[in-house]
Amino acid sequence: MFSTHPIRVVPRDPVLFLDPDVQRGEPLLTICSWCMKVRLPNQGWVELEEVVNYLDILGSGMVPSLTHGVCRECQGDIEKELKILK
Ligand SMILES: [Zn+2]
């Protein structure tokens with residue numbers, strides 16, 4: 001079981017594709033549950049603002065579906081924490 005707490009809060013502009021009430025379609029993107037970076041095809045894990053640019057490039061007008069995962073950086077941090085707890 002994991003529990004999380006914020007270590008800092010950084011204000012950002014609202015991002016449409018994080019709105020839980022928006023209708024979604026393709027593509028299906030994975031978002032890191034810890035840091036909110038998104039994995040883009042052939043680009044790896046990127047910040048939310050880069051995803052907005054990527055979606056503009058696609059020009060589909062469709063908001064992507066999201067599934068949750070863990071990026072490599074956060075996975076490394078989690079593994080370090082687990083080793084400390086052992
Ligand atoms: Zn992450």
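Residues numbered from 1 in each chain as written. Predicted model: local features only at pLDDT ≥ 70, side-chain atom pairs only at ≥ 80, totals over all residues. Heavy atoms only, no water.

## Some points on the coordination of the zinc ion
Ideal geometry at a metal gives 109.5 degrees between four tetrahedral donors and either 90 or 180 degrees between six octahedral ones.
Argument step 1. Here the zinc ion is held by the protein donor atoms Cys32 (SG), Cys35 (SG), Cys71 (SG) and Cys74 (SG), which lie 2.3 Å from it.
Argument step 2. Coordination of the zinc ion draws on donor residues from a single chain, spaced C-x2-C-x35-C-x2-C in sequence. Of this pair, cysteine 32 sits in strand E1 (residues 24–32) while cysteine 74 sits in helix H2 (residues 72–85); the two residues are 42 residues apart in sequence, bridging distant segments of the chain.
Argument step 3. Owing to a relative accessible area of 0%, cysteine 32 belongs among the buried residues under this scheme. (Donors = N, O, S within 2.8 Å, 3.2 Å for Na, K, Ca; no water. Helix = DSSP H or I, 4+ residues; strand = E, 2+ residues; numbered from the N terminus. Buried < 20%, exposed > 50% of the residue type's maximum accessible area, 1.4 Å probe, protein only.)

## What to know about the sheet that holds E1
Argument step 1. Across the sheet, which stays open at both edges, the four strands sit in the order E3-E2-E1-E4 with mixed pairing between neighbours. Two strands lie at the open edges of the sheet, namely strand E3 (44–46) and strand E4 (63–69), each paired on one side alone. Strand after strand, the sheet turns through a mean of 45° between neighbouring axes, direction not considered.
Argument step 2. As defined by bridge partners, E1 adjoins strand E2 (residues 38–40) across two bridges and the pair is classed as antiparallel. The residue bridging isoleucine 31 from the neighbouring strand is valine 38, located in E2. (Pairing = 2+ DSSP bridges. Axes fitted to C-alpha atoms, helices over the stretch in contact; angles between N-to-C directions.)

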